[in-house]
Amino acid sequence: MIILDSSYVSPEIVAYAAATNTPVLDNDAARAASGSYEVNLLSETDFAARLNQGARLYTTSENSLGWVLAHATDPDLRRAIALMKDKAALRESLAPLYPDYRFRVVDADDLASINVDELCLPVVLKPAVGFFSVGVHIVATPEDWRRAVAAIATLRENWKSDFAAGVVDNGRFIIEEFIGGDEYAVDAYYDENGEAVVVNILRHEFSSEADVSDRLYYTSPEIIRERLGEFTDYLNRVGERLAIRDFPLHLELRLSDKGIIPIEFNPLRFAGWCTTDLALFAYGIHTYGMYLQNRRPDWDAALKRKDGNIYSLVILDKMTADGARGFDWKKAKANFTEVLSARVLGPEAPVWGFMFTRTPATAREEIDTFIQSDLREYMLT
């Protein structure tokens, strides 16, 4: 079963739901997204009944978690959602795996009174419950700390209107040790036996160590082959501690000289917006279909004839869009060898849209150049 949310619904998941007759919760977002597709819409009563009979559930956004918690009776499902949404609770649950990892939880109102000289910089400051890099700050100096605290104080009221409390909690923050290394995003699920099944691995690229944006995720056969076993083993260790079954998740992690350090787990969904669909464009894999149908990717077949290519999801943010009346999509597309698909979002969206691209590994510089851009050159004024 699937819950679609109005924040964004990709045409791929609607097409999948229609083709497989997968039950979809009848809500405004589902009706708006269905278009010409014949989607199997179920009333809240029927949908909740199936959920509580043990049907597998996938959501496109954490905005739907409130509905799930209001209707789900399974205590294990409710516990898994609560645990993965609360970064502090999850850190505490996984602490035995990381005896030397430092973190603390503080109330937002107490941030300004913290003596920065007592912190072991650098640290990461972020909401205990968060989404889409909202409110995340890397603090390397006392001045960074003062700027971060001031920014949070200014924006907390906006978060209340922009995000549900279950998506971004502006009342509690976690201060944790900054871990360097490469960042990855992993879409996976736990099957009925609690065994981890990885359905997508993405490398999260940044323009610098201070960058916390979501500009670029990419995958390649090399990444899958190199990290699949390692990340599966790690998720199995986590699963043993958390005792989770029949549950999809999105994990962001750092791979450092200290091993795998989790950044966050996101429950009942894979990579947000349409990011998880990169597996479909790259390898022909419906990630949500793998979970809902209890299947495992045939990675050998999926990676066949894909060597030598990098597949990217580029998020076109509006951080430098003040005064811009639009975005020059033609100019942006010209930077890439092949644009597999482009998604233009409306003016009310927090980003201009998305591009799925293919880049030969020998032309890697086209990715590196684009991620360093502030995108001002593509703004229409």
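Preceding this paragraph is the structure being described.
Basis of the calculations
Just so you know, the residues in each chain are numbered from 1, in the order the chain's sequence is written. Thresholds applied to this predicted model are a pLDDT of at least 70 for local features of residues and 80 or more for the giving and counting of side-chain atom pairs; totals over whole chains, interfaces and linings are not thresholded and use all residues. No hydrogens and no water enter the side-chain calculation; it runs on all heavy atoms of the structure. We call a residue buried when its accessible area falls under 20% of the maximum for its residue type, exposed when it is over 50%, and partly exposed in between, using a 1.4 Å probe and counting protein chains only. Helix and strand labels come from DSSP, where a helix needs a run of H or I of at least four residues and a strand needs a run of E of at least two; each type is numbered from the N terminus. Paired strands, as defined in this entry, are two strands with at least two bridges between them according to DSSP. Working definition: the arc comes from the directions between the helix axis and the C-beta atoms, pointing outward to the latter. Any two residues whose heavy atoms approach within 4.5 Å at even a single point are treated as in contact. Only the stretch in contact is used when a helix axis is fitted, and all axes are lines through C-alpha atoms; the angle between N-to-C directions ranges over 0 to 180 degrees. Roughly parallel means an angle under 35 degrees; roughly antiparallel means over 145; roughly perpendicular covers 65 to 115; every other angle is labelled oblique. Only Asp, Glu, Lys and Arg are considered charged, only Ala, Val, Leu, Ile, Met, Phe, Trp, Tyr, Cys and Pro nonpolar, and every remaining residue, Gly among them, polar. The pocket and cavity definitions rest on a 1 Å grid over protein atoms only: a 1.4 Å probe that fits but cannot leave marks a cavity, an open set with protein on both sides within 12 Å along at least five of seven lines marks a pocket, and residues lining either have an atom within 4 Å of a point. Grid points are joined across faces, edges and corners, and a volume is the space filled by probe spheres set on the points. Between the first and last residue of a helix there are one fewer steps than residues, each counted as 1.5 Å, and that sum is the expected span. Fitting axes to the seven residues ending at a residue and to the seven starting there, one defines the bend at that residue as the angle between these axes.

Draft legend 1. Looking closely at the pairing of strand E14 (residues 309-317). E14 sits mainly inside the fold: 9 of its 9 residues count as buried. The side-chain alternation of E14 yields two buried faces, one formed by Asn-309, Tyr-311, Leu-313, Ile-315 and Asp-317 and the other by Ile-310, Ser-312, Val-314 and Leu-316. Pairing of strand E11 (residues 216-219) with E14 involves 4 bridges; the strand directions are antiparallel. Bridge pairing in E14 links Leu-216 to Val-314.

Draft legend 2. Representation of the pairing of strand E10 (residues 196-205) in the model. Counting buried residues along E10, 10 of its 10 residues qualify, which places the element largely inside the surrounding structure. For strand E9 (residues 182-190) and E10, the ladder comprises 8 bridges, and the chain directions are antiparallel. Note that in E10 the partner of Tyr-184 across the bridge is Arg-203. Joining the antiparallel neighbours E9 and E10 is a turn of 5 residues, in which Gly-194 adopts a positive phi near 80 degrees. As paired strands, E10 and E11 are joined by 3 bridges and run antiparallel to one another. Residue pairing in the sheet places His-204 in a bridge with Tyr-217 of E11.

Draft legend 3. Representation of helix H13 (residues 365-372). Buried within H13 are the following residues: Glu-366, Ile-367, Phe-370 and Ile-371. Along the axis of H13, the buried positions cluster into a sector of 125 degrees, meaning they face one direction only. Within H13, the exposed residues directed more than 90 degrees away from the buried face are Thr-369 and Gln-372. Tucked inside the fold, the buried residues of H13 contact E10, E11, E14, helix H12 (329-333) and strand E17 (351-360).

Draft legend 4. Up close: the sheet that holds E9. Ordered in space as E13-E12-E9-E10-E11-E14-E17-E16, the 8 strands form an open sheet in which the pairing is antiparallel. Two strands lie at the open edges of the sheet, namely strand E13 (259-267) and strand E16 (338-344), each paired on one side alone. Geometrically, the sheet is characterised by an average inter-axis angle of 25 degrees between neighbouring strands, direction not taken into account. As paired elements, E14 and E17 share 9 bridges and run antiparallel to each other. Bridge pairing in E17 links Asp-317 to Val-351. The strands touched by helix H5 (residues 75-85) are strand E12 (247-256) and E13; relative to E12, the strand with the most contacts, the crossing angle is about 30 degrees.

Draft legend 5. Seen up close, the packing of helix H6 (residues 87-94) against helix H8 (residues 221-242). In contact at an axis separation of 10 Å, H6 and H8 are set at 95 degrees when each is read in the N-to-C sense. With respect to H8, the element H6 is oriented roughly perpendicular. Along the contact surface, H6 presents Leu-90, Ser-93 and Leu-94, while H8 presents Tyr-234, Val-238, Arg-241 and Leu-242. Residue composition of the contact of H6 with H8, by class: 5 nonpolar, 1 polar and 1 charged.

Draft legend 6. Molecular detail of the layout of surface pockets. Considering only enclosed or pocket space, the second largest pocket measures out at about 310 Å³ in volume. As for the second largest pocket, its lining consists of 18 residues, of which Asp-74, Asp-76, Leu-77, Arg-245 and Asp-246 are closest to the centre. If you list the elements that add at least two residues to the lining of the second largest pocket, you get helix H3 (44-52) and H5. Considered class by class, the residues forming the lining of the second largest pocket number 10 nonpolar, 2 polar and 6 charged.

Draft legend 7. Quick peek at the environment of Phe-103. Note that Phe-103 resides in strand E5 (residues 103-107). Along the sequence, Phe-103 and Glu-177 sit 74 residues apart, while their C-alpha atoms lie 6.2 Å from each other. Contact partners of Phe-103, with chain neighbours within four places excluded, come to Ala-88, Arg-91, Glu-92, Ile-174, Ile-175 and Glu-176.

Draft legend 8. Representation of empty space enclosed by the protein. In this structure the tally under the stated criterion is 3 cavities of 30 Å³ or more. There is about 80 Å³ of room inside the second largest cavity. Around the second largest cavity sit 14 residues that line it, and Ile-13, Tyr-58, Thr-60, Trp-273 and Thr-276 are the ones nearest its centre. Here the lining of the second largest cavity is composed, by residue class, of 8 nonpolar, 4 polar and 2 charged.

Draft legend 9. A look at H8. Taking 1.5 Å per residue as the helical rise, H8 with its 22 residues ought to reach 32 Å, and the 30 Å between its terminal C-alpha atoms agrees with that figure. Arg-227 marks the point of greatest bend in H8, at about 45 degrees. Among all positions of H8, only Pro-221, Ile-223, Ile-224, Arg-227, Phe-231, Thr-232, Tyr-234, Leu-235, Val-238, Gly-239 and Leu-242 are buried. Just downstream of H8, Ala-243 is the residue with a positive phi angle, here 55 degrees.

Keep in mind that these numbers describe shape and distance, not what the molecule does.
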